[in-house]
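Listed below are the residues making up each chain.
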Amino acid sequence: MVLFRLFSTDTFDAQNDLKWKVERIKAMREEMKRLANEVKAKDELVRILHEEYKKLPRQLQRSGYTRRIMEIMKNIDKQRRDIDRILLDTRGVQKEINASTETLGRSYAAADEVVFRDAKEKGDAPSKRAYKVLVDMHESFGKLTRIVEDTGGIENEIRNLEASVESAALRGSSLNMEKVLSDLKQIKSENSSLNQKLSQ
């Protein structure tokens, strides 16, 4: 019975460690997707600003626009470096999870063998109950792992949808900016024609 407690404690600790690592990977993946969505939004903003820059009259000060574009590009580069760092961390945690999963599998196999042999040799109710508890615990942790993975997948889908909504809103703001620039051009032409009429 002491051997069973040792194996179940080791199995439980390994499963808790595995659960923590899975949650850490999910958090890193979420952060990575969030940063990737930010990078996409910034790339879209750079594209929009670049298009607006091409449409602007040349007498406007280019240095301000150039500086702003360079700031955005630096931010995008920083976010890309952050994503690369998170990817590297995620790979490391994934390796740790794989190693923990293998250790957990070996621990379960060893515990299963010892407890099953004990239950078979003794044939008493506590030994059989201990084996059943071990099997139930293993199945429960398997279900828990699948639930955590499913939850992570659903959260990722939610973030992707939020990024799509954000991107659509960004496109809508670029249309508004185009309208403002068009109105500005029209006002300038009207002012010019009024100035010509006044000077006559």
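Since we're looking at a predicted model, the values are computed, not measured.

Points about the pattern of salt bridges
Applying the stated criterion across every chain, the model contains ten salt bridges. Arginine 47 serves as the salt-bridge partner of glutamate 44, at 2.3 Å between the closest nitrogen and oxygen. One end of the pair, glutamate 44, and the other, arginine 47, are both in helix α1 (residues 2–55), three residues apart, so they sit about a helical turn from each other. For glutamate 44, a relative accessible area of 18% puts it in the buried group. Owing to a relative accessible area of 37%, arginine 47 belongs among the partly exposed residues under this scheme.

Comments concerning the nonpolar core
Ranked by size, the top nonpolar core spans 16 residues in total, and within it Leu18, Ile76, Ile83, Ile86, Val93 and Ile97 carry the most contacts. Looking at this core, the elements with two or more residues in it are α1 and α2 (62–122). For this core, the element with the highest residue contribution is α1, accounting for nine residues. The residues touching leucine 18, leaving out its near neighbours within four places in the chain, are Ile97, Ser100, Thr101 and Leu104. In terms of nonpolar packing, the next biggest core, distinct from the first, is built from seven residues, Ala111, Val115, Leu134 and Phe141 among them.

The rules behind the values
- Residues numbered from 1 in each chain as written.
- Predicted model: local features only at pLDDT ≥ 70, side-chain atom pairs only at ≥ 80, totals over all residues.
- Heavy atoms only, no water.
- Salt bridge = Lys/Arg side-chain N within 4 Å of Asp/Glu carboxyl O.
- Helix = DSSP H or I, 4+ residues; strand = E, 2+ residues; numbered from the N terminus.
- Buried < 20%, exposed > 50% of the residue type's maximum accessible area, 1.4 Å probe, protein only.
- Core = buried A, V, L, I, M, F, W, Y, C linked by side-chain atoms within 4.5 Å.
- Contact = heavy atoms within 4.5 Å.

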